Amino acid sequence: MLRRGFGVAFYWGETYREIRIDDFRFGIVDWALEQIFDLWLLNSELIKKHMNQEFENFSIRPIEQEDSEKYFQFIEKNRERIARYFPRTLSRNQDVEASGLFIAELIALREKKEFASFLIIDKISQQIIGTVFLKDFDWNVGKVEIGFFIDKDFVNKGIISKSVSFVIDYAFKELKLNKIFMRVSEDNLASRRVAEKNNFEIEGKLRKDFKYFSFSDWFFSKLSIHKITYTKILN
């Protein structure tokens, strides 16, 4: 009897599984689909777990559906500050109901591993005072863009820098990404300090990189020390 080996390899984001089957069997397609679905469930949970951190009087955790009212209050309070850099977020949060729909979309994108939004919570008031998010995941390369903003009453206190450091650590260690980058407007000195405090390096300047803005951005990046031992830039 001729025996034929059959190999199935699955790669989903940072998880790789290779399974060996000795023979072709009836129902192999159904079995393979079950394996893929199991891996999808495993990886979609990665963005939610291991990301509940506390420091001083603050905590950082993933956004959830029940946050809609407080999230709207946070946006409403900081509407003028958010308008320039996050106009789409502003337009999507005109009232509590709209914020609920917006958060539902963020959670759906989290499940698909396309976006991850984290909230900074003041443990004393239990109010949302900031957010850090990961977007534009490229799982083939292993890179993602990071963004953030904080309540106007909590600027220049080191809170956002600390929160960003937690998310960076999570992205490298748990999500196994290789590179995190951020785009910072050249006149946004506060965000540039956040980048520098977290040891990002300038790769260059992006000019007119947004449709609705004419200002330039500095392009910062940070490489995972867990996977990259050295880099070399050719002049």
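The rules we used
Residues numbered from 1 in each chain as written. Predicted model: local features only at pLDDT ≥ 70, side-chain atom pairs only at ≥ 80, totals over all residues. Heavy atoms only, no water. Buried < 20%, exposed > 50% of the residue type's maximum accessible area, 1.4 Å probe, protein only. Helix = DSSP H or I, 4+ residues; strand = E, 2+ residues; numbered from the N terminus. Arc of directions from axis to C-beta. Axes fitted to C-alpha atoms, helices over the stretch in contact; angles between N-to-C directions. Parallel < 35°, antiparallel > 145°, perpendicular 65-115°, else oblique. Contact = heavy atoms within 4.5 Å. Nonpolar A, V, L, I, M, F, W, Y, C, P; charged D, E, K, R; others polar. Pairing = 2+ DSSP bridges. Right-handed = clockwise from strand over helix to strand, strands pointing away. Core = buried A, V, L, I, M, F, W, Y, C linked by side-chain atoms within 4.5 Å. Salt bridge = Lys/Arg side-chain N within 4 Å of Asp/Glu carboxyl O.

Q: I'd like a description of helix H7 (residues 189–197), backed by residues and values.
A: When H7 is considered as a whole, its buried residues turn out to be Ser 191, Val 194 and Ala 195. Within H7, the buried residues cover an arc of 100° as seen down the axis, which keeps them to one side. Along H7, exposed side chains directed more than 90 degrees from the buried face belong to Leu 189 and Lys 197. Once H7 finishes, Asn 199 follows within two positions and takes phi at roughly 60°, a positive value.

Q: Describe the packing of helix H2 (residues 68–77) against helix H5 (residues 96–111), with residues and values.
A: Packed helices, taken two at a time, are described by the angle between their axes plus the distance between the axes. At their nearest, the axes of H2 and H5 sit 8 Å apart, and the two run at 110° to each other. Overall, the two elements H2 and H5 adopt an arrangement that is roughly perpendicular. The segment H2 lies against H5, with Ser 68, Glu 69, Tyr 71 and Phe 72 engaging Val 96, Ser 99, Gly 100, Phe 102 and Ile 103. Within the contact of H2 with H5, the residues separate by chemical class into five nonpolar, three polar and one charged.

Q: A description of the pairing of strand S8 (residues 179–185) should follow, citing residues and the corresponding values.
A: Counting buried positions over the seven residues of S8 gives five, a clear majority of the element. Bridge count for strand S7 (residues 143–150) against S8 is three bridges, and the pairing is parallel. Residue pairing in the sheet places Val 144 in a bridge with Ile 180 of S8. Following the chain from S7 across helix H6 (residues 159–173) to the adjacent parallel S8, one finds a crossover that is right-handed.

Q: Summarise the nonpolar core; cite the residues concerned and give the values.
A: Val 132, Leu 134 and Ile 146 are the most contacted members of the largest nonpolar core, which has 33 residues in total. Taken together, the elements giving at least two residues each to this core come down to strand S4 (58–62), strand S5 (115–122), strand S6 (128–138), S7, H6, S8 and H7. The contact partners of Leu 134, leaving out residues within four places of it in the chain, are Phe 115, Ala 116, Phe 118, Val 144, Glu 145, Ile 146, Val 167, Ala 171 and Leu 175. Listed in part, the 17 residues of the second largest apolar core include Ile 75, Ile 82, Ile 107 and Phe 133.

Q: A description of the pattern of salt bridges should follow, citing residues and the corresponding values.
A: Applying the stated criterion across every chain yields a total of eleven salt bridges. Note that Lys 77 and Asp 153 form a salt bridge whose closest N and O atoms lie 2.7 Å from each other. Taken together, the residues span a long stretch of sequence, with Lys 77 in helix H2 and Asp 153 in the loop between S7 and H6 at a distance of 76 residues. Given a relative accessible area of 37%, Lys 77 falls into the partly exposed group. Given the relative accessible area of 46%, Asp 153 is considered partly exposed. The shortest N-O distance in the salt bridge between Arg 192 and Glu 196 comes to 3.3 Å. Pair noted here: Arg 192 and Glu 196 are both in helix H7, with a separation of four residues, about one helical turn. Classification of Glu 196 by relative accessible area gives partly exposed; the value is 43%. It is possible to trace a salt-bridge network through shared partners that takes in Lys 77, Asp 151 and Asp 153.

So, to be careful, I would describe these as geometric facts and stop short of saying anything about function.
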